[in-house]
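For reference, the chains in residue letters:
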Amino acid sequence: MDVPEMYADEVRRQRDALWGMVDEASALAKADDLPGLGAHAKEIRRGLEAGNSIDRTGGHLDSNVGDIYAALDGIYDAAFPVQNPDDPADVLETSWPTASRTALLASIVDHVGWPKPPLEPLADRAIAANDVHLLRLLVLTPLGRASRETVVRVLDALHEVGALDVEIIEQAFTDDEYLGNAIVGRSPADGAERSMPHACTPAVRDYFDEVAWRLTSPPEPEWAALPEVLVPRGLRFVLRAMERPTDRRMAVRLGAAELTDGERTALVEHLRDRPAEERRYAFDLRLPAGDAGVLLPLLGLPGAEPLLRLVRATSTTEAVRQDRIAILAAVRQAGVDGARRLLRICPSEIVSAALGWNRAAVSKRVKHNALAGIAAFGLLPLADGETVLDRYMALREVAKRGPKLGPNRRHSHAAAVAVALDHLAQVTAFPNAERLEWDCEARIATETPGEWHLGDYTVALRLSDAEPLITISKAGRQLTSVPAAVRTDPRYAEVREHQERLRDQARRIRTGLIERLVATGGTLAPDELARLRSLPAGAVMLPALIWQDQVGTIGLLDQVDLDGPVTVVHPSLLYERGLLAHWQAEVVRHRIRQPVKQAFRELYLLTPAERDAVDVSRRFAGHTVDGKVSGQLLSGRGWSTHGQYQEHQATRPVTTEITAALVCDLPGYFGGGEVVVGELRFLAAGSVVPLADVPPVAFSEVMRDLDLVVSVAGIDPAGYASPLHGASRAHLLASLVDDIGLARVTVDGTSAVVRGSRATYRVHLNSGSIHVEPGGYLCVVPASFGGTAHPSLFLPFADEDRITSIILSKVLLLNEDEKITDPTILAQLGPRA
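Everything numeric in this text was worked out from a predicted model, so none of it was measured. (Residues numbered from 1 in each chain as written. Predicted model: local features only at pLDDT ≥ 70, side-chain atom pairs only at ≥ 80, totals over all residues. Heavy atoms only, no water.)

### Focus: the sheet that holds strand S7 (residues 554-555)
- Taken in spatial order, the 4 strands line up as S5-S8-S6-S7 in an open sheet, and their pairing is antiparallel. Either end of the sheet is taken by a strand with one partner, and the two such strands are strand S5 (523-524) and S7.
- The pairing of strand S6 (residues 547-548) with strand S8 (residues 566-568) spans 2 bridges and is classified as antiparallel. The residue of S8 that forms the bridge with glutamine 548 is threonine 567. (Pairing = 2+ DSSP bridges. Helix = DSSP H or I, 4+ residues; strand = E, 2+ residues; numbered from the N terminus.)

Printed below as a string of C-alpha cells:
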C-alpha cells in the first residue's frame, strides 16, 4: 500500500474488517443462502457509507480496496448471474453493484465513462409503461445514479398505481436523506418553495411521522437514522420536545411540528397553567412554525400578534423594503411597553430602527457595510439637528464604498442603499425615493452660495463642462493660485466641501443616470426633464445629447418638442434611420462634448454567424481573461457572477423580461484564476430567445460589455484587438478629417492612411502601430509620441479614452511630419518630398 505512515494503521484496520465481510459473503454463497447474501450486501454498503462519513484514513482507503471489490464482484456475479443482459430489470435486480452489471447498464443507457450510468432513460420508459417492477428496481438497485427529481418522479408513479410501500420509501431516504427537499418542492439552497408538493407527499409524510415518533422515543433518539428536511405532524411531537428542553435537536426537529387549528387550541390550554419559563420555551419552539402568535396572551402580550408577524418578516440579513406606517401601527396596537418586551424576546433591527431605539447599533453596522443595517439606517427618525440632506449625503457616502467590495456584493450593497433611500423618503414624508433624490440634489445646488468673501478675496464656484471650479479674485483681478490667507481660512474648507458635493452630483448624473439613459434608450417625462435641467450638471450635460420626441423628430434638446416625453437616442436607432454618420459629423462640427459616448458609442449588430446560429452567440467564445479583473468589469456593468457549477456563470437582466446568460469555463469562481469565455444566450421565462428577437439596444449593450471584458481583461497570448473599438475611432477620425480639412488623411477600414511630406504612413486604429509604405515596415516611435493630446484633436465625449487620444494624436502628428524633430523617427524616414 502506498499510504502515508500516519494513515497506514487505520487503512490496514479497515481493510481487515472489509476482508472479514468478504469471508462472510463467501460462506453465505457456499451455503447457497441467497437471501442472506443479499442482506449481507446491504450491511457491507452501510459499513462503507459509515466509514466514508467519518473518514480516518485521509481518503486513502478508497484507492486501496480494489482487490476487495473485485473479490465481492466475483462472489455476487457467481451467486446472482444475469440471465438476459438486454433486460434492464434483470441487470438492476441485484444487491451489490458489480463492475460487470455496471457495464451492462452503461450499454443499455448508452453511457460511456465516468460517472455512474444515469437511470433517467429507464425511469422515463418505466413511467410511460407503468412498469411497477422496473419502477421499484430503480429505487432499490445499488447500480447507476438518479437525480433527486427522478427519484421523486418514480415515487409519484408508484403512488399513482398504489404500489408505493414502506420498503421503497425507506430505501429512497436511505440513499438520500435530503430527498424531502424534492418531495415538498423546496430549494435546498435557501429553503424557499420552488414547486408544488408531489403526489407521493402524503404517503411519504405518513411514513416519516411513524419513523420520527419511533426514532425519537426513549431512551435516546436515533438522530442519524431520521431523514432530514421533512417536518412531523401532530401535537404529540411538540409535547415531546417540551419534555426535553435541553435537547436542541429535539427542539429543532420536533418543536415546529405542523399543527391543526384544534391542536393549536389544545396547546394553548395545555400551557395555560404551566410555569412562565415553560410557556416561553413553547413560544420559542413555535416561532419557526409561524404560529407562536397564539401564545402571546400567555406571555402577557395581547395585541402584539401583528407586530410579531412584522418582526418575523424582517428577520433577514438582506436589505428589504419595509412599510414604516405598518410598523408604527403594529407598535401602537401592542403598546410601547409591549413592543419593548416583544423586541427583547424577538429582536428586530429594522423595527427597532423605525422607533429610533437602536441608533448607535445601526450606525456601527453601517460602518461594517451590513446590508440590513444600511436599510435600517434609512428608517431611523431624524436626530435632533439632523436634516434630510444630512442623512441623504451620509447614504451617498455609504454608496461610494460599494465599488470597493466584491463583484456580487457591490450589487447587493447598491440595492441596500436604494432601500435605505426609500425608507428615508417614508421618514421624511416624500412620496417615493425618486422625489427625495430630486429634492436633495436640488438642495445641493441651491444651498451652494455663489460667492464667499474671505477678507480681501472673493471666492466663487463656477461650472466648466459640469466640472465645478474654484475661482479666486482680489480687487477684480483673477488669481492663478490660492493665497495662503485663503487656504488657511476655515471658510475655505466649506468652499471645498461644496465643490466636492457638486462634483459628486455631476459624477452621479453622468455615470449613473445619463449612462443608463443612453445604454437603454431611456425616456424622460417633461417634469423629470425639467427637474434634471434645474441641476447645474444636468443643465450642462442634457443639451449635449441627441433626443427623439413623441412625434419621432431627432435632434438636440433645443430642436425637439419638450411638451411631451423625450427619449435619449441609442446609436442603433441612428444606424437604422441612416443618420449615424450625419450625427457624428454634427457632433464634431459643433464641438459638442457629450457627457458619455452616444454618437460615437460602439454599435454591435448581429453577425452572419450569429444569424445562422439563431439563438447563441460565440463571438467572444474561446478568449481567455483574467478572472478577477473580468469579474470586476462585469459587476460594474450590472452583471451577476456565479460559480462553475451553475448553468450560467454570468447573467444580467437587459429588459424586464430578457436576461443575458454567459457560459464560462472557470476554476470555481471569478477571481479564482483564468476564465475562458464561452457561449452567450438570451433567456426569457427559462426559454432561449432567438438573437433576432432581442431588442437591438439590449443586444448591442451586452456585446459592448463582453468586448470590454475581453479587451481589458484578456490574456490571450496573441492579444485581442476589438474591431468595434477600431471602427469607432475610424468614424471619429473621418468626422475630424472632414471638419478640420485634413487633406493628407484618409480612412481605410480600421486604418488611417497619412500621406506626409516624408512618407506615406498606415496607422492601425486598434493597436496604434505605424507602418511606412510602400515597404510596409514598422516605424518604431518613442512611447511619448502621441502621449500628449494634439492641439487639433477634439474628443466628442467626456468618457476617459486615453488610447483613442494617443492613436488619433499620432495620426495628426504624422499629418505634419515636416515638424517632426525626434531623431529616432527621422532616422527611419526619407528626406522630405
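### A look at the packing of helix H24 (residues 433-446) against helix H26 (residues 490-520)
- Packing of H24 against H26 brings their axes to within 9 Å, and their N-to-C directions diverge by 140 degrees. Judged by the inter-axis angle, H24 sits oblique to H26. In this structure, H24 meets H26 at a crossing whose hand is left-handed. Across the interface between the two elements, Trp438, Glu441, Ile444 and Ala445 of H24 pack against Arg501, Leu502, Gln505, Arg508 and Leu513 of H26.
- Residues of the contact of H24 with H26, tallied by class, amount to 5 nonpolar, 1 polar and 3 charged. (Axes fitted to C-alpha atoms, helices over the stretch in contact; angles between N-to-C directions. Parallel < 35°, antiparallel > 145°, perpendicular 65-115°, else oblique. Left-handed = near helix turned anticlockwise from the far one by under 90°. Contact = heavy atoms within 4.5 Å. Nonpolar A, V, L, I, M, F, W, Y, C, P; charged D, E, K, R; others polar.)

### Here's the deal with the environment of serine 757
- Locating serine 757 in the fold gives a position in the loop between strand S16 (751-755) and strand S17 (760-764).
- Taking the C-alpha atoms as reference points, serine 757 and leucine 814, 57 residues apart in sequence, are found 9.1 Å from one another.
- Within the structure, the side chain of serine 757 is placed 2.7 Å from the side chain of aspartate 817, a separation counted as a polar contact.
- One polar contact links serine 757 to glutamate 818, side chain to side chain, over a distance of 3.4 Å. (Polar contact = N/O pair within 3.5 Å; in protein donor to acceptor, adjacent residues only side chain to side chain.)

### Examining the packing of helix H22 (residues 388-400) against H26
- Relative to each other, H22 and H26 sit at 60 degrees, their axes nearing to 13 Å. When the axes of H22 and H26 are compared, the pair comes out oblique. Note on packing geometry: the crossing formed by H22 with H26 is left-handed. Residues Leu389, Tyr392, Met393, Arg396, Glu397 and Lys400 of H22 lie in contact with H26, whose contacting residues are Arg501, Asp504 and Arg508.
- Along the lines of polarity and charge, the residues of the contact of H22 with H26 split into 3 nonpolar, no polar and 6 charged.

### Examining the pattern of salt bridges
- Scanning the entire structure with this criterion turns up 53 salt bridges.
- A salt bridge links glutamate 220 to arginine 244; the nearest nitrogen and oxygen atoms lie 3.5 Å apart. In this pair, glutamate 220 is assigned in the loop between helix H11 (201-215) and helix H12 (235-243) and arginine 244 in the loop between H12 and helix H13 (248-254), connecting sequence segments 24 residues apart.
- The closest approach of N and O atoms between glutamate 497 and arginine 501, which form a salt bridge, is 3.8 Å. Within this pair, glutamate 497 and its partner arginine 501 are both found in helix H26, separated by 4 residues, close to a single helical turn.
- Glutamate 497 sits in the partly exposed class, given a relative accessible area of 46%.
- The structure contains a network of salt bridges with shared partners spanning Asp261, Arg264, Arg286 and Asp291. (Salt bridge = Lys/Arg side-chain N within 4 Å of Asp/Glu carboxyl O. Buried < 20%, exposed > 50% of the residue type's maximum accessible area, 1.4 Å probe, protein only.)

### Digging into the packing of aromatic side chains
- According to the stated counting rule, one finds 6 aromatic pairs in the structure shown.
- For arginine 240, the ring lying beneath its charged end belongs to tryptophan 213, and the centroid distance is 3.5 Å.
- Seen from the ring of tryptophan 357, arginine 340 lies directly overhead, with NZ or CZ sitting 3.9 Å from the centre. (Phe/Tyr/Trp six-rings, centres within 6.5 Å; stacked < 30°, edge-to-face > 60°. Lys NZ or Arg CZ within 6 Å of the ring centre and 35° of its normal.)

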